[in-house]
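The residues making up each chain are set out below.
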Amino acid sequence: MQKLISQTNALENNWVLVEDTDSSLPAGNILVPAAYWLENQPALSERGNVGIWFAGDADLTEYLELSSDLPIIAINFPAFANGRGYSQARLIKERSGFKGELRAMGDVLLDQLFFMKRCGFDTYLLSEGLSSEKALEFFTTFSDPYQLANDLPSPLFRRKTV
């Protein structure tokens, strides 16, 4: 079973991922494909417990203005070598001003966690078989990153005083 973590502890995953929208949607908190949400937004908004998920190669243009009302957005990493989800996270957090939970899912490995955090992810659905206790150690991989990012808006040379 996949484990869900934040940057500080293990969490209970109370969102059901819906991949097949041809059948009826399950009760409770659901994550539906972004395209399905866009097509059925009025009905899903009334339900109130709906978040969306994006494929790693999705075009976010038509979603950026609409995403602020969602409680959660998940981005799927189809393979560890596919880094498009990092850019998507920055766009969602920085251009749309999204304040809800941003979740990384799919092929989420331990050595990616620190960098995912820097791009704005809040929670991480780890790849099957990974330890949540071990994963939490990876958020402190580097003590003071050089580059600016979502979590530190200034580069190191602007933060350091002589």
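Residues numbered from 1 in each chain as written. Predicted model: local features only at pLDDT ≥ 70, side-chain atom pairs only at ≥ 80, totals over all residues. Heavy atoms only, no water.

Attention now moves to the overall build of the protein. Scanning the protein for helices and strands turns up six helices and eight strands. The N-to-C order of helical and strand elements in the protein reads β-β-β-β-α-α-β-β-α-β-α-β-α-α. On C-alpha atoms alone, the protein measures out to a radius of gyration of 16 Å, which is about the 15 Å that the 2.2 N^0.38 rule sets for 162 residues. In the protein, buried positions account for 42% of the 162 residues. Contacts in the protein between residues at least 24 apart in sequence constitute 53% of all its contacts with a sequence separation of at least 6. Working note: accessible area of the protein is about 9,100 Å², and carbon and sulfur atoms make up 52% of it. Between the mean site of the 14 positive side-chain charges and the mean site of the 21 negative ones, the protein shows a separation of 12 Å. (Helix = DSSP H or I, 4+ residues; strand = E, 2+ residues; numbered from the N terminus. Rg over C-alpha atoms; globule rule 2.2 N^0.38 Å. Buried < 20%, exposed > 50% of the residue type's maximum accessible area, 1.4 Å probe, protein only. Contact = heavy atoms within 4.5 Å. Areas by Shrake-Rupley, 256 points an atom, 1.4 Å probe, with all protein chains shown as cover. Lys, Arg positive; Asp, Glu negative; His and termini not counted. Charge placed at Lys NZ, Arg CZ, Asp CG, Glu CD.)

A few words now on the sheet that holds strand β6 (residues 72-77). Whether parallel or antiparallel, the strands of a sheet pair through hydrogen bonds between backbone atoms. Taking strand neighbours across the sheet as the criterion, the eight strands line up as β2-β1-β8-β7-β6-β5-β4-β3 in an open arrangement whose pairing is mixed. Either end of the sheet is taken by a strand with one partner, and the two such strands are β2 (10-11) and β3 (16-17). Along the sheet, helix α3 (residues 84-95) makes contact with β5 (50-54), β6 and β7 (101-106), crossing β6 at roughly 165°. (Pairing = 2+ DSSP bridges. Axes fitted to C-alpha atoms, helices over the stretch in contact; angles between N-to-C directions.)

Here the focus is the environment of A10. As for its placement among the helices and strands, A10 is situated in strand β2. A10 sits 121 residues away from S131 along the chain, and the two C-alpha atoms are 9.9 Å apart. Contacts of A10, omitting those with residues within four sequence positions, involve L4, I5, S132 and L136.

What follows concerns the pairing of β5. Across the five residues that make up β5, a large majority, five, are buried. The alternating pattern of β5 places V50, I52 and F54 on one face and G51 and W53 on the opposite face, and all of these are buried. Two elements, strand β4 (residues 30-33) and β5, share four bridges in a ladder whose sense is parallel. Bridged to I30 within β5 is V50. As defined by bridge partners, β5 adjoins β6 across three bridges and the pair is classed as parallel. Paired with F54 across the bridge in β6 is I75.

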